[in-house]
Amino acid sequence: MTESVRVVVCFVLFQYFIGHIFLSVLWKKRISSFLVYAPLSWIIGNALTIPILYALAYVNRLDFINYSTGMILFIAAFIVAVLVGAYNRKQIHISVHELILLGALTVFFIPLIRDSIYSFLIEWDAIAMWFIKAKAFFIAPGMHDNILYQGTAFLYTERSYPIGGPLLIAAYYRLIGFANDQTIQFYFLFYYLNSVVLALGFIYERIKSLSLVSILLIVLSFFITPLFIRFSHNGYMDMAIANIIASVIVLIIYELEDTSTNTQPYLIPMFLIAGAGTLIKNEGLPFLLLTVVIGWGIALSKKKSSLTIAVSGMALLYPLIARFMWEYYKKTTGIHFYLTSFIPGLDIRTRISLIVSHYLDTLQYTSTQGVIVILGFFLLLFLTTTLIYKKRYVALVPLLVIGGQLGTYTYLYLITALPLSIQLPSSFDRLVLQLLPAVFIVMVYQGEKVIKIFK
Amino acid sequence: MKRIFSRLSALSTLEKYILPSLLVLFFIQFHYYKFFSQKFGEIAHYIDRSNTDTYDQIQSQHQYAELYKTAKTYKNTTTPVYVVITLHDNDFLDYTSTYYLKERNGVTQKPVYLTELEMMTRYFFYPRIIPTLSFKQFLSLKRTVGDILISDQDLRNIFPPTTNVAVIPTVPKQFISNVKKPPKPYYLFQVTQ
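Just so you know, these numbers come straight off a predicted model, no measurement behind them.

### A few points about the overall build of chain A
Inference 1: What chain A contains, in helices and strands, is 19 helices and two strands.
Inference 2: Relative to a compact globule of 455 residues, whose C-alpha radius of gyration would be 23 Å, chain A shows 21 Å and is just as compact.
Inference 3: Principal-axis analysis of the C-alpha atoms places the extent of chain A at approximately 65 × 60 × 50 Å.
Inference 4: Among the 455 residues that make up chain A, the fraction classed as buried is 50%.
Inference 5: A sequence separation of at least 24 residues applies to 85% of the contacts in chain A between residues at least 6 apart.

### Quick word on the sheet that holds strand E1 (residues 81-84) of chain B
Residue and element names in this part refer to chain B.
Inference 1: Pairing within the open sheet is mixed, and its five strands lie in the order E2-E1-E3-E5-E4. The strands lining the two open edges of the sheet, one partner per strand, are strand E2 (132-133) and strand E4 (165-167).
Inference 2: Of the strands in this sheet, E1, E2 and strand E3 (148-151) touch helix H6 (residues 116-125), which is tilted by about 160° from E1.

### Some thoughts on the interface of chain A and chain B
Inference 1: Each side of the interface is counted separately: chain A has 50 residues, and chain B has 51 residues.
Inference 2: Taken together, the elements giving at least two residues each to the side of chain A that touches chain B come down to helix H4 (96-108), helix H5 (110-117), helix H6 (124-139), helix H9 (212-223), helix H10 (226-232) and helix H19 (420-454) of chain A.
Inference 3: Among the residues making up the side of chain A that touches chain B, the classes are represented as 32 nonpolar, twelve polar and six charged.

### With respect to the packing of H6 of chain A against H6 of chain B
Axes are the key here: two packed helices are described by the angle between their axes and the distance separating the axes.
Inference 1: For the pair H6 of chain A and H6 of chain B, interaxial distance at closest approach is 10 Å and the crossing angle is 30°. The pairing of H6 of chain A with H6 of chain B is recorded here as roughly parallel in orientation. You can see that H6 of chain A and H6 of chain B cross each other, and the crossing is left-handed. Along its contact with H6 of chain A, which presents Trp124, Ile127, Ala128, Phe131 and Ile132 of chain A, the element H6 of chain B presents Glu116, Met119, Met120, Arg122 and Tyr123 of chain B.
Inference 2: Considering only residue class, the contact of H6 of chain A with H6 of chain B consists of eight nonpolar, no polar and two charged.

### Describing unusual backbone geometry
Inference 1: Tyr126 of chain B connects to Pro127 of chain B through a cis peptide bond whose omega is 10°.
Inference 2: Locating Pro127 of chain B in the fold gives a position in the loop between H6 and E2.
Inference 3: Phi angles above zero are rare outside glycine, and Glu158 of chain A is one such case at about 55°.
Inference 4: Within the fold, Glu158 of chain A resides in the loop between H6 and helix H7 (164-176).
Inference 5: Even without being a glycine, Lys391 of chain A presents a positive backbone phi close to 60°.
Inference 6: Checked against the element boundaries, Lys391 of chain A lands in the loop between helix H17 (372-389) and helix H18 (397-415).

### What to know about helix H13 (residues 284-300) of chain A
Residues spaced three or four apart along an α-helix point in a common direction, a consequence of the helix completing one turn every 3.6 residues.
Inference 1: Taking 1.5 Å of rise per residue, the 17 residues of H13 of chain A would be expected to cover 24 Å, and the 24 Å separating its terminal C-alpha atoms lies within 8% of that figure.
Inference 2: Packed against the buried residues of H13 of chain A are helix H11 (238-257), helix H12 (264-280), helix H14 (306-333) and H18 of chain A.

### Brief notes about the pairing of strand E5 (residues 187-191) of chain B
All names here are of chain B.
Inference 1: Alignment of E3 against E5, held across four bridges, turns out to be antiparallel. When the bridges of E5 are listed, Ile148 appears paired with Gln190.
Inference 2: As defined by bridge partners, E4 adjoins E5 across three bridges and the pair is classed as antiparallel. Across the sheet, Val165 pairs through a bridge with Val191, a residue of E5.

### Section: the environment of Ile127 of chain A
Inference 1: By the element assignment, Ile127 of chain A lies in helix H6.
Inference 2: Of the residues examined, Ile127 of chain A has 21 C-beta atoms within 10 Å and is grouped as buried.
Inference 3: The sequence separation of Ile127 of chain A and Asn234 of chain A amounts to 107 residues, and the corresponding C-alpha distance is 9.8 Å.
Inference 4: Non-local contacts of Ile127 of chain A, meaning those with residues more than four positions away in its chain, are made with Leu121 and Ile132 of chain A together with Met119, Met120 and Tyr123 of chain B.

### Things to note about the nonpolar core
Inference 1: Membership of the largest hydrophobic core comes to 180 residues, with the highest contact counts inside it found for Tyr172, Val219, Ile249 and Ile441 of chain A.
Inference 2: For this core, the element with the most residues is helix H8 (residues 185-206) of chain A, which contributes 16 residues.
Inference 3: Lining this core are residues from two domains, each supplying at least three of them: domain 1 (15-46) and domain 2 (59-191) of chain B.
Inference 4: Once residues within four sequence positions are removed from consideration, Ile441 of chain A is found in contact with Ala199, Phe202, Ala246, Ile249 and Val250 of chain A.

### Some points on the environment of Ser232 of chain A
All names here are of chain A.
Inference 1: If you trace the backbone, Ser232 turns up in helix H10.
Inference 2: Residue class for Ser232 comes out buried when judged on the 26 C-beta atoms lying within 10 Å of it.
Inference 3: The spatial distance from the C-alpha of Ser232 to the C-alpha of Lys90 is 33 Å, given a sequence separation of 142 residues.
Inference 4: Setting aside residues no more than four positions away along its own chain, Ser232 makes contact with Leu112, Leu189, Tyr192 and Met239.

### A look at the pairing of E1 of chain B
Residues and elements named next belong to chain B.
Inference 1: Across the two faces of E1 the burial is the same, with Val81 and Val83 and Tyr82 and Val84 all buried.
Inference 2: Looking at chain direction, E1 and E3 are connected through four bridges and run parallel. Directly across from Val83, in E3, lies its bridge partner Ile150.
Inference 3: Two strands pair when backbone bridges link them, and E1 and E2 are joined in this way by two bridges, in the parallel orientation.

### With respect to the confidence of the model for chain A
A low pLDDT means the predicted coordinates there should not be read in detail.
Inference 1: Here chain A averages 92 in pLDDT, and 99% of its residues register 70 or above.
Inference 2: Element-level mean pLDDT values for chain A span from 85 in strand E2 (residues 92-93) of chain A up to 97 in H7 of chain A.

About the cut-offs
Residues numbered from 1 in each chain as written. Chains lettered and ligands numbered in written order. Predicted model: local features only at pLDDT ≥ 70, side-chain atom pairs only at ≥ 80, totals over all residues. Helix = DSSP H or I, 4+ residues; strand = E, 2+ residues; numbered from the N terminus. Rg over C-alpha atoms; globule rule 2.2 N^0.38 Å. Buried ≥ 20, exposed ≤ 12 C-beta atoms within 10 Å, placed from the backbone. Contact = placed C-beta atoms within 7 Å. Pairing = 2+ DSSP bridges. Axes fitted to C-alpha atoms, helices over the stretch in contact; angles between N-to-C directions. Nonpolar A, V, L, I, M, F, W, Y, C, P; charged D, E, K, R; others polar. Parallel < 35°, antiparallel > 145°, perpendicular 65-115°, else oblique. Left-handed = near helix turned anticlockwise from the far one by under 90°. Expected span 1.5 Å × (residues − 1). Core = buried A, V, L, I, M, F, W, Y, C linked by C-beta atoms within 7 Å. Domains from an automatic or database assignment. pLDDT = per-residue confidence, 0-100.

Set out below in structure tokens:
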């Protein structure tokens, strides 16, 4: 194993460790299934790291990250993670079945894991938008004195976009002292792998009547379409957003179902994760808004919610401060953002008809998505109808996130200043990708309710 | 073993009904996944892991490998390097820069084209900024010995007979990425006289 591979493995493990430390403190009394706990730890680790990288970039001190500091932090995180793990031994439930499922998945995905380490970077947005910025933050110590953000040579890189992804990549480059755009794909593959494990853990936890074989068949059939495989490790950030949306939906479901009045253990990680979304891609902004409205809405429906709202609001500040730093930097350096008006123009009808056509085309576009999107759409429609007929309205709350997110995409297309005929075809498949893991989680959740109704 | 498969022996009614459909669905999906997984293995087998320079070994199979090598050699030098872009295709219209220019200039909108070749050049040469020349600008360019020219067409046909250029050869790649169409041809030259 080469040095760059060793470091990227440690980088991935580091995120699990700090996520685990955070969750074991927050979920002291909760017993979690390993297959759900591990992917949540991963994404929380990311959510805790990214704002720190923003702060370092803002004060121009990314040079703090190097092999030595990285190893010290890794060893410290490892020791603390082992200690809290030993202290809260009963907190994570690992069964033989879960280990079998995880082992089967790992074996199945070996070609993908290998390819993520041994393949070159080629895809358009990865190079034009994310990895060139990563190089910029590898060469410059932060946002200031950064060639990419000065002059007009790199306008095409969408400079106003959040820099969470490039900062993670640049951190890795700094750890190994070399811009290795091949091995870092292994890190990004984990957004995909964790989405699969989360789906697996969730269905295993929820639908007890299914055998391990059926669970594996369902999850793999859903997650191995060419669309997922392509975006699993090609340097795009959409799989990270997909992982974030799915993780938040799981937490919303837990919050919804917890009978105790204290919803803080769910709201805090939920806001941190959704907040990290705003630091990775702009789609994360409306998603954070939806998460806050729904998360606080559920908290308000329970008694004694004021303290919960105050504490979770504090947690929300953590990613938001990083976002404000970025916004302030953009404002002071005159970096342009491409939404000039928030009210749709006179061409609204033409735009709507174009958008609807693209939605329908995407729904039926089987060459990359397989039949999964069509099947998922109609199954979700059936499950939702059943829940409405049976007046189980609370079970529809997670669906609001998906509906809300689709609604904001539609709204953004109505007001975008960029040519719609170029933007729509190039972005639609990725919007589907961002929502698919969440759709799976919602289907399983609603499916569980409907199975109970029919029983 | 009995414990592992214990849930299989007692299939629920739900499962009995859906299992055949699930199997068919899985095999349809697996058919496509298998294509990718086999392709993925090829490049991994090609790498000689005992050699420490794995990065360059993999990069030598990149569709723009020669451009990468040229950038590696010249990005920290003062040797003039130019990108000559002669073809404008609406597929490569850079809407971000175009929109920015429209905002700055008010009404007039100047289309800005960003080809993959130019994007790759900017990426490989970063932080050095390589100027992009149109065909017209290229014709009036004063070329000196040693200049590097990266172009989207074979410039040998249009060079004045007095200028000698050496072609930096490109070799066909063994492992073309399986998720992306092959790139348009590009040419590398060095002015020799």
